[in-house]
Amino acid sequence: MPLWTWTGLKAGKAATRWPQSGPDGQEGVLGMPRLDIAACRSGCDLCVESCPTQAIHQVDGEPVIDYGRCIVCQRCVEECPEGAMQSSYDWAFGVRQRSDLIWSAALESAEAADLRKRIAASQRRSLHIRHVDAGSCNACESEISALDNPFYNLHRLGIFFTPSPRFADLLMVTGPVTAPMHDVLLATWEAMPEPRSVMATGTCAVSGAPMDEGYAGGSGLEGILPVDIWLPGCPPNPAALIHALLLLVERMPQKVTGGQYAQ
Amino acid sequence: MNMHSPMNNCSIRSVTAGQLAAVAQECLDQQMRFLMAWHDWEGQQCVVRYLLSQKDNPEFVLLELRGTDTIPSLAALVPLLGWYEREMQDLGGLHFTGHPEPFPLIIHEGFSIPQPPLGINGSSGHLSGLYQPPTMPEVQGDQVQDLYWGPVRADVVETGEFHYSYIGEAILHYHPRLFFKHRGMEARFAGQDAQRSVYLAERVSGVGSACHALAYCQAVENAWGIEVPPRAQLLRVILVELERLYNHFHYFGQLSKTTTLKVGAATGFLMEEKVKQLAGELTGSRYLRSLLRVGGLRRDLQAEHLAHALEPIIDEGEAYLDRLQQTATHLDRLMGTGVLSPSAAFDQGATGPVARASGLDRDLRRDHPYAAYHKLRFNVPVRQKGDAMARSDVRGEALREAIALLVQASGRLKAGPVHAEFDVPGGAQQGLGWAETPRGTLIYAVRIEDGRLQRVKIKSPSFSNWRVFPLTVHGTNMMDYAINEASFGLTIAGCDR
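Summarised in this report is the structure supplied together with it. Values in this document were obtained by computation on a predicted structure and should not be read as measured data. (Residues numbered from 1 in each chain as written. Chains lettered and ligands numbered in written order. Predicted model: local features only at pLDDT ≥ 70, side-chain atom pairs only at ≥ 80, totals over all residues. Heavy atoms only, no water.)

**Some words on the sheet that holds strand E1 (residues 10-15) of chain B**
All names here are of chain B. Strand order in the open sheet formed by 4 strands is E1-E4-E3-E2, with mixed pairing between adjacent strands. The sheet is open, and its two borders are formed by E1 and strand E2 (33-42), each paired with just one other strand. On average, each strand axis in the sheet is tilted by 25° relative to the strand beside it, whichever way the strands run. Against the sheet, helix H1 (residues 20-29) touches E1, E2, strand E3 (45-54) and strand E4 (57-66), its axis set at about 145° to E1. Taken strand by strand, helix H2 (residues 81-92) contacts E2 and E3, and its axis lies near 15° from that of E2. (Pairing = 2+ DSSP bridges. Helix = DSSP H or I, 4+ residues; strand = E, 2+ residues; numbered from the N terminus. Axes fitted to C-alpha atoms, helices over the stretch in contact; angles between N-to-C directions. Contact = heavy atoms within 4.5 Å.)

Below, the structure written as structure tokens:
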């Protein structure tokens, strides 16, 4: 009969110390494509055409990207003849304002001013999450569950999943919000004590894309619940999830402003 | 109508509504097995198709029933068709006479839709309504209690609502209500460019992204007669076997979690993570997405040294499976739990490891070879007992076979193109594509006109196994429920679509 405890102890620590130090585990994992506006040829709309989720539009001859609709399929990168769309490892895309997911040439961020200090301070070292699947493809659940595996070991950061919404600080929603899940989702949110936060987790929950429209789609959380963190990604990887959680409790800075990724 | 073109890999037999039951019985007598049924509207004509596999013959059999939307139900004769018929009623507006369970399946009580979204006039309007608890058969008795568990349940899980009638520990009746997550995936394909829609297939069931993309691409390649180059065929095997590997490690993590083997659970989930990290490094996507395209792969992969990269995973994986196999407390909980008899598995349409654990020796990779499987050697593990132990044994061996296939396939890679050049044909075509996913048979049937998809039918393995699962719960006990569920390894997204 194997001695499981001994085997476990012998194996030693598997957990990374990221984000303090150590690997984030996402070596080679592609993120949202980056736009090099200087390389973009005016009037060409191949990226707009190539995008299956209409995340790219053209305004005055230049592309405007809504990363809240991006499913990281990399098609625009393949189609752009000028190399203006580039593959990147930008996946830590959690933001507080939905508008920060829209690429903007003129960057001016004054949003940091009104951070909700009191709430964040009370949850900084201990956050309890209730997850609700509002119609996902299960890739988001797969990555959220991975947070509890020995590599990411979410507990080390003082963040826990709780079975009951009564004990939850954060509602983590995946999926575009299908019709049968609409009331169920609201009931879960109402069962949570205040102060309570909401994270739109994955591109479906941010904008519905590509599961919006149709007879049984949804458009994500906009207009349904007050969202504190928007995290696109298809699915967002575990390190992107951790970044977004730590962003919520003000332990990591936001990386993306005006659709642009901080170096 | 002459717009229908024959589907490859199938011998097609036209039947009338009057002949249907007799023909179905004849097929069963010849040891054929029904795989799925779906409807289509070709012009204004309703077509219902039944797909069957033959014993020891890679060619499928397709029964076609044209010109009526009122059809005698086969559910009493072929129980697994019950759900397909109910789905066609809900979404296609068809009528099945004499159905033993004539209730809606996809559309919940309290919900409605202006017109059937896969009906004669196509989709318009949106599903709407208010949540209502399901009407359940009344179970009466002194001590009987009813438990509605869900749709939001403990832990990070997919949405579903489970109803139990029980006395103390003993479960009298169990009913899962699914389809909260129904996203209308099949309708999403309609009207889309067939080459561009791989991304939709990848998002039907996230942990089956590679297999869904493969089955979809193969269906379109089948319709268009495209020959995929050998290097791409081997790389496709590598992608789907990596998917199998991380899914099976997850399975053992989850199973150990339910038998409260903490280190066993942690090890399984850590192994899953290692495979996903390897997948991320190799392909840029932990879920092996954005790689497959119609005709091959979107870009080449440097997978020649995969065997070397897999070495630590092979060693740790072997040791892990051995330890589980020697842990009496774990095995005790699996033996005799959730027994599925071979006849129930056959009649109700069990698939994949669940079917193979109940003595049904079927594997699409061997019986209907695709990609490069005909060039590779592998065993198909089968057990007879049909309990959680047998299901776990089959998965364990399948995990080892997946590793062996990865090593073989990467060792046989030769330089060459990774996609075929082709012109999109005009006119109408139909195609069938399939893959043996970690959970069993996945089939895509497509009908294309001038490069655009007209109808896509997805038969997912979890749709089959969710139908079977409750049969192993009735009459068992609460303590075993979670273990039994984990031993099936189901997903809900694939089932709900």
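From this point, the narrative continues.
**Comments concerning the sheet that holds strand E11 (residues 170-177) of chain B**
Residues and elements named next belong to chain B. Spatially, E9-E10-E11 is the arrangement adopted by the 3 strands of the open sheet, whose pairing is antiparallel. Two strands bound the open sheet, and with one partner strand each, they are strand E9 (145-149) and E11. Here the average twist between neighbouring strands, direction ignored, is 15°. With 5 bridges connecting them, E9 and strand E10 (residues 161-167) associate as antiparallel partners. Looking across to E10, one finds that Tyr148 is bridged to His163.

**Some details on the packing of aromatic side chains**
Residues and elements named next belong to chain B. Tallied over the full model, the rule gives 30 aromatic pairs over all chains. Look at Tyr246 and Tyr287: their rings are 6.0 Å apart centre to centre, the planes differ by 85°, and that puts the pair in the edge-to-face class. One end of the pair, Tyr246, is in helix H6 (residues 230-258); the other, Tyr287, is in the loop between helix H7 (262-283) and strand E12 (292-293), with 41 residues separating them in the sequence. Judged by relative accessible area, Tyr246 falls into the buried class, the value being 1%. Owing to a relative accessible area of 1%, Tyr287 belongs among the buried residues under this scheme. Among the aromatic residues, ring-to-ring pairing joins Trp149, Phe162, Tyr164, Tyr174, Trp466, Phe469, Tyr481 and Phe488 into one connected group. (Phe/Tyr/Trp six-rings, centres within 6.5 Å; stacked < 30°, edge-to-face > 60°. Buried < 20%, exposed > 50% of the residue type's maximum accessible area, 1.4 Å probe, protein only.)

**Notes on empty space enclosed by the protein**
Residues and elements named next belong to chain A. For the structure shown, the criterion picks out 11 cavities of 30 Å³ or more. Size it by volume and the largest cavity reaches roughly 260 Å³. Forming the walls of the largest cavity are 26 residues, and the residues nearest its centre are Val29, Leu30, Val72, Cys234 and Pro235. Of the residues contributing to the lining of the largest cavity, the split by class is 12 nonpolar, 8 polar and 6 charged. Counted as a void, the second largest cavity has a volume near 140 Å³. Taken together, 17 residues line the second largest cavity, and the ones lying closest to its centre are Pro33, Cys51, Ile56, Cys70 and Cys76. Per-class residue counts for the lining of the second largest cavity are 13 nonpolar, 3 polar and 1 charged. (1 Å grid on protein atoms, 1.4 Å probe; cavity = no way out; pocket = protein on both sides within 12 Å on 5 of 7 lines; lining within 4 Å. Points joined across faces, edges and corners; volume = space filled by probe spheres on them. Nonpolar A, V, L, I, M, F, W, Y, C, P; charged D, E, K, R; others polar.)

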